[in-house]
Amino acid sequence: MPQSLVRGAHVVTEPAKPGGGVISDGAVLVDGDRIVAVGGFAELARDRPDARIVGTGDEIVIPGLVDAHSHSRGLSP
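This one's a predicted model, so the numbers in the text were calculated from it and none came from an experiment.

Mind showing me how you'd approach the pairing of strand β2 (residues 22-31) here?
The side chains of a regular strand alternate between both faces of the sheet. Relative to β2, strand β1 (residues 4-12) is paired through eight bridges, and the arrangement is antiparallel. Among the inter-strand pairings, R7 is bridged to a residue of β2, identified as A27. Sheet topology places β2 next to strand β3 (residues 34-40); six bridges connect them, and they run antiparallel. Each bridged residue has a counterpart across the sheet, and for G26 the counterpart in β3 is G40. The antiparallel hairpin formed by β2 and β3 contains two residues in its connecting segment, where G32 sits at a positive phi of about 70 degrees.

The structure is reproduced here in structure tokens:
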């Protein structure tokens, strides 16, 4: 399966990083079930010309939001 390049107008990475951890016109490179690179879309697309592009570049790409504290309860508060 080819790598996928998930493109977004804004890619949220880590709030503690400079710029609030937001990469404008960014992308996330996914290989199978692993994230292998995060950075600017133009650079990642140039380096991986065979990658399948997901998204139009108008979206916001954020990490998965998981509430690990509520998994054992029937209902979340």
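Looking at this structure, I do not really get the nonpolar core. What am I missing?
Side chains of nonpolar character tend, in soluble globular proteins, to be buried together. Judged by nonpolar contacts, L5, A27, L29, A37, F41, L44 and A51 together constitute the single largest core of seven residues. Elements with a contribution of two residues or more to this core: β2 and α1 (41-47). Those residues within four positions of F41 in sequence are excluded, and the remaining contacts are L5, R7, D25, G26, A27 and I53.

The rules behind these values
Residues numbered from 1 in each chain as written. Predicted model: local features only at pLDDT ≥ 70, side-chain atom pairs only at ≥ 80, totals over all residues. Heavy atoms only, no water. Pairing = 2+ DSSP bridges. Helix = DSSP H or I, 4+ residues; strand = E, 2+ residues; numbered from the N terminus. Core = buried A, V, L, I, M, F, W, Y, C linked by side-chain atoms within 4.5 Å. Buried < 20%, exposed > 50% of the residue type's maximum accessible area, 1.4 Å probe, protein only. Contact = heavy atoms within 4.5 Å.

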